[in-house]
Amino acid sequence: MLDLKYIRQNIEAVKKAVRDKNESADIDAILELDIKRRKLLADAEALKQERNTNSKKIAELKKAGEDASELMARMKEVSSKISDMDSQLRDIEQALHDLLLTVPNIPDPDVPVGTQEEDNIVVREWGDKPQFDFKPRTHWELGEINGILDLPRGAAVAGSGFPVLRGAGARLQRALVNFMLDMHISKHGYLELSVPFLVTRETMIGTGQLPKLEFDMYRTTDDMFLIPTGEVPVTNLHKKEIIPGKELPLNYVAYTPCFRREAGSYGKDTRGIIRIHQFDKVELVKICEPEQSYDRLEELLKEAEAVVQALELPYRVSILCTGDMSFASAKTYDIEIYSAGMDKYLEASSCSNFEDFQARRSDMRFKRTPESKPEFPHTLNGSGLALPRTVIAIIENYQMRDGRIKIPAALRDYVDGMEFIQANYED
């Protein structure tokens, strides 16, 4: 959430951010409500001061045995007006709060202005694309050949977008989760968390998923939400808290399943497991002092890249344009892993700095010293990594002519030394 004072002082910059992010927040309506709110506050305060002054006069008149009825009648009228103003003020403040929730974060000046994926800027590439002396197969073809991916039975159980991994496929995914957790804990110094997979509406609002993305979420009948990403419960861990400054930066890692309807992506990437409704992810979250956050973003990006490099998968890093980044982000890098069977790059991680946007929404603050004034920290998060597309890249890039899939060397210890997923394919 943006500071209302900031909006008042930077009206055109905020309106530009709304346009650049393809959002529809009504800044003029916010400013009009703010004017009404401040006028009501001033008028109510004046009446309260009059009531306080006249209450003393009434007491003095009664003490002196004089008639205070006229003044008392006036104070009854004033109290009624104050009550009415307080009611109006509550309504205006609620309406103002609801409108403020629709205002996106301001993009960092380094973020390119654009409206679609093609406007993103590739900042670097790593690794060589695999070369084959045969036509590489897709992950859904290899999944069927090896009996490790069962899309029809997943659909029969839960509908399309809910795949089943079998045997070595399930083992590969479990190995990846453990490998990534171990790397981020032992090499990058993260604290592992196990967090709830269901959260409250307030929690979803805190990280910016609501109200904008409500129709992409799975909601229960008692207004709880299945988490769309581990970012939601992990970042909100300190909502409504004041964190001692000496504890910053906080670095958390958590494995969670993630649930998304993908309502706004109907008809896109329908083959295989590219875009599904339930998937696993290892999430990285940082909470830090404001002046450190952009250095922490670069650090976060390198930590996510380290996973891809260890798996020896070719990838590229892009900085997202204003129209392709999330509602809450100020700056986002995407890590896109190359997948040979589809001959395309697939996003496996987004690393974002939200500055103080999420901290304001969740009322998370910190104090540099016990005596200092509370401030809003900056929050960051990134996938380290998302599983489906990492699994896809391994299956497609490590495939062999006979249909077998080689296990990356970094994962061998996590699969009891297994070197291949064995195909039932005959050339």
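Quick summary incoming for the structure in this document. Sequence positions are assigned chain by chain, starting from 1 and proceeding in written order. Thresholds applied to this predicted model are a pLDDT of at least 70 for local features of residues and 80 or more for the giving and counting of side-chain atom pairs; totals over whole chains, interfaces and linings are not thresholded and use all residues. Just so you know, side-chain values use all the structure's heavy atoms and leave hydrogens and water out.

A few words on the packing of aromatic side chains. Each aromatic pair joins two rings of Phe, Tyr and Trp (for Trp, the six-membered one) with centres within 6.5 Å, and gets the label stacked for planes under 30 degrees apart, edge-to-face for over 60, and tilted for any other angle. Under the defined criterion, the tally for this structure stands at 5 aromatic pairs. Taking the centre distance of 5.1 Å and the plane angle of 55° together, the rings of Phe132 and Phe134 count as tilted.

Across the interface, helix α7 (residues 168-186) lies against helix α12 (residues 387-397) with an axial gap of 10 Å and an inter-helix angle of 115°. Of the possible angle classes, the one that applies to α7 and α12 is roughly perpendicular. With respect to the hand of their crossing, α7 and α12 are arranged in right-handed fashion. Side by side, α7 and α12 meet where Leu172, Gln173, Leu176, Val177 and Met180 of the first sit next to Leu387, Thr390, Val391, Ile394 and Ile395 of the second. Throughout this entry, Asp, Glu, Lys and Arg are counted as charged residues, while Ala, Val, Leu, Ile, Met, Phe, Trp, Tyr, Cys and Pro are counted as nonpolar. The remaining residues, Gly among them, count as polar. In terms of residue class, the contact of α7 with α12 is made up of 8 nonpolar, 2 polar and no charged. Comment: axis = line fitted to C-alpha atoms, over the contacting stretch for helices; angle = value between 0 and 180 degrees taken between N-to-C directions. For the purposes of this entry, the term helix denotes a DSSP run of H or I that reaches at least four residues, the term strand denotes a run of E that reaches at least two, and both are numbered from the N terminus. In this scheme, roughly parallel covers angles under 35 degrees and roughly antiparallel covers those over 145, while 65 to 115 is roughly perpendicular and the rest are oblique. Two helices that cross are described as forming a left-handed crossing if the nearer one is turned anticlockwise from the farther one by less than a right angle, and a right-handed crossing if clockwise. We call two residues contacting when some pair of their heavy atoms lies within 4.5 Å.

Now for the environment of Arg368. One can find Arg368 in the loop between β13 (365-367) and β14 (378-386). In this scheme, a residue with accessible area under 20% of its type's maximum is buried, one over 50% is exposed, and one in between is partly exposed, where area comes from a 1.4 Å probe on protein chains only. Judged by relative accessible area, which is 33%, Arg368 ranks as partly exposed. Taking the C-alpha atoms as reference, Arg368 lies 4.3 Å from Gly245; in sequence the two are 123 residues apart. The contact partners of Arg368, leaving out residues within four places of it in the chain, are Gly245, Glu289, Pro290, Glu291 and Glu375. Pairs of N or O atoms are called polar contacts if they sit within 3.5 Å, as long as, within protein, a hydrogen donor faces a hydrogen acceptor (for residues adjacent in sequence, only side-chain-to-side-chain pairs). Of the polar contacts made by the side chain of Arg368, one reaches the side chain of Glu289; its length is 3.3 Å.

So, on to the environment of Met183. Looking at where Met183 falls in the secondary structure, it is placed in helix α7. The spatial distance from the C-alpha of Met183 to the C-alpha of Ser24 is 41 Å, given a sequence separation of 159 residues.

Counting buried positions along β14 gives 9 out of 9 residues, so the element sits mostly inside the fold. Two strands qualify as a pair provided DSSP detects at least 2 bridges between them. Note: strand β9 (residues 278-288) against β14, 7 bridges, orientation antiparallel. The residue bridging Lys281 from the neighbouring strand is Ala386, located in β14. Sheet topology note: the strand β12 (residues 344-353)/β14 ladder contains 3 bridges and is antiparallel. The residue of β14 that forms the bridge with Asn353 is Leu380.

Further remarks concern the pattern of salt bridges. Oppositely charged side chains can form a pair if their charged atoms are brought close together. For this analysis, a salt bridge means a side-chain nitrogen from Lys or Arg found within 4 Å of a carboxyl oxygen belonging to Asp or Glu. Applying the stated criterion across every chain, the model contains 33 salt bridges. For Arg201, the salt bridge is made with Glu214, and the minimal N-O distance between the two is 2.9 Å. Linking Arg201 in helix α8 (residues 201-207) with Glu214 in the loop between α8 and β6 (224-226), this pair joins segments that are 13 residues apart in sequence. Of the residues examined, Glu214 reaches a relative accessible area of 21% and is grouped as partly exposed. Salt-bridge contacts for Glu283 lead to Lys281; the nearest nitrogen and oxygen are separated by 2.4 Å. You can call Lys281 buried: its relative accessible area is 3%. Each member of the salt-bridge network shares a partner with another, and the members are Arg8, Asp34, Arg37 and Arg38.

A separate point is the sheet that holds strand β4 (residues 191-193). Overall, mixed pairing links the 8 strands, which are arranged β1-β10-β11-β12-β14-β9-β8-β4 in an open sheet. Pairing within the sheet leaves two strands with one partner each, and these edge strands are β1 (121-126) and β4. This sheet shows a mean twist of 25° between the axes of neighbouring strands, independent of strand direction. In the packing of helix α10 (residues 293-310) onto the sheet, the strands contacted are β1, β9, β10 (315-319), β11 (331-339), β12 and β14, and the crossing angle to β14 comes to about 5°.

Glancing now at the side chain of Asn146. Mapped onto the secondary structure, Asn146 falls in helix α5 (residues 139-146). A polar contact of 2.9 Å, which involves the side chain of Asn146, links it to the backbone oxygen of Leu142.

The next thing to look at is unusual backbone geometry. Cis rather than trans, the peptide bond between Leu210 and Pro211 has omega equal to 10°. Each neighbour pair has its own omega, and for Gly384 with Leu385 the value is 20°, a cis peptide bond. Among the structural elements, Leu385 can be located in strand β14. Positioned with a positive phi, Asp223 is a non-glycine residue whose angle comes to about 65°.

Structurally, Asp150 is set in strand β2 (residues 149-150). Polar contacts involving the side chain of Asp150 include one to the side chain of Arg153, which spans 2.8 Å. With residues near it in sequence (within four places) discarded, Asp150 still touches Pro163, Val164 and Arg166.

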